[in-house]
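Working through the structure, step by step
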Amino acid sequence: MSAVIPRHRVNVLTGIKSARLIEDPVEYANLIKKAKRPLLVVGPLLLASTADGKILMEYALDIAKVADIPICATAQTKGKIVELGVQPDSVYDVVEIANALKDPDWQGVKKEGNHDLVIFFGIRSDLGNQSLSTLKHFAPHLKTMTLCKHYFPHANYSLPNFKKDAKWQEFLESLIANLKKGD
């Protein structure tokens, strides 16, 4: 597999460990299903609409619903989530949630134990890379994943750089369909 260039070339040298590039929505769905206590961290980039008029946040809410994943709203996303009829399980700043996740004794957003998989979706890439780098180095007890349309080298699992939004949307729709399927 050839190297993937992240969208932001800041701190591209990630050391000996970088994200496993996954292009198969079935594999992504299986990783999510395998997690015991996943967490979906949603960011403000999901407030944008796609070419067909669907708000990106709707994909995140569909994923959370079908996989029974708690939602952590960041930035100004809580208002849109509530407007779409869902109550987020927590509201944190991205830096705050990353700091909480570092602590292996933290009880998680539902007070049921720390999370074992954290999925970042819609976080600005520079902030996402820094948060993922922090978790990579200081939270060995959890795995990280991104659903953004750009490669994040500091995650454990990342999507490739999608040049066309339609391909990314196709991946997200297939991921949701595969999450709906039973084991």
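Look a little higher up for the structure.
Structure report, in brief. (Residues numbered from 1 in each chain as written. Predicted model: local features only at pLDDT ≥ 70, side-chain atom pairs only at ≥ 80, totals over all residues. Heavy atoms only, no water.)

This part covers the layout of surface pockets. Its volume calculated, the largest pocket comes out at about 270 Å³. The dominant element in the lining of the largest pocket, judged by the number of residues it contributes, is helix α6 (residues 165–180), at three residues. Looking at the lining of the largest pocket residue by residue, the classes come out as nine nonpolar, six polar and three charged. By volume, the second largest pocket amounts to about 160 Å³. Forming the boundary of the second largest pocket are L61, D62, A64, K65, D68, I69, P70, I71, V86, Q87, D89 and K110. Sort the elements by how many residues they give to the lining of the second largest pocket and helix α2 (residues 56–67) lands first, with four residues. (1 Å grid on protein atoms, 1.4 Å probe; cavity = no way out; pocket = protein on both sides within 12 Å on 5 of 7 lines; lining within 4 Å. Points joined across faces, edges and corners; volume = space filled by probe spheres on them. Helix = DSSP H or I, 4+ residues; strand = E, 2+ residues; numbered from the N terminus. Nonpolar A, V, L, I, M, F, W, Y, C, P; charged D, E, K, R; others polar.)

What follows concerns the nonpolar core. Y28, I63, F121 and L175 are the most contacted members of the largest nonpolar core, which totals 35 residues. For this core, the secondary-structure elements that each account for two or more residues are α1 (25–34), β2 (38–42), α2, β3 (71–73), β5 (117–121) and α6. Once residues lying within four places of it in the same chain are set aside, the contact partners of F121 are L40, V41, V42, G43, L46, Y59, A60, I63, L147, C148, W168 and L172. L101, V118, I123 and F152 belong to the second largest nonpolar core, which has 22 residues in total. (Core = buried A, V, L, I, M, F, W, Y, C linked by side-chain atoms within 4.5 Å. Buried < 20%, exposed > 50% of the residue type's maximum accessible area, 1.4 Å probe, protein only. Contact = heavy atoms within 4.5 Å.)

Quick look at the packing of aromatic side chains now. Using the criterion set out here, one finds four aromatic pairs in the structure. Judged by centre distance (5.5 Å) and plane angle (80°), the rings of Y28 and F171 are edge-to-face. In this pair, Y28 is assigned in helix α1 and F171 in helix α6, connecting sequence segments 143 residues apart. When its relative accessible area of 4% is taken as the criterion, F171 is described as buried. Ring centres 6.1 Å apart and planes at 50° place the aromatic pair F162 and F171 in the tilted group. For F162, a relative accessible area of 14% gives the class buried. Three or more aromatic residues joined by ring pairs make a cluster, and in this case those are Y28, F162 and F171. The cationic tip of K102 hangs over the ring face of F138; the distance from NZ or CZ to the ring centre is 5.8 Å. (Phe/Tyr/Trp six-rings, centres within 6.5 Å; stacked < 30°, edge-to-face > 60°. Lys NZ or Arg CZ within 6 Å of the ring centre and 35° of its normal.)

Turning to the pairing of β2, a few remarks are in order. Buried residues dominate β2, accounting for five of its five residues. What you see with β2 is no split at all: P38, L40 and V42 on one side and L39 and V41 on the other are buried throughout. Two elements, β2 and β5, share five bridges in a ladder whose sense is parallel. Directly across from P38, in β5, lies its bridge partner L117. In this sheet, β3 lies alongside β2 in parallel orientation, the contact comprising three bridges. The residue of β3 that forms the bridge with V41 is C72. (Pairing = 2+ DSSP bridges.)

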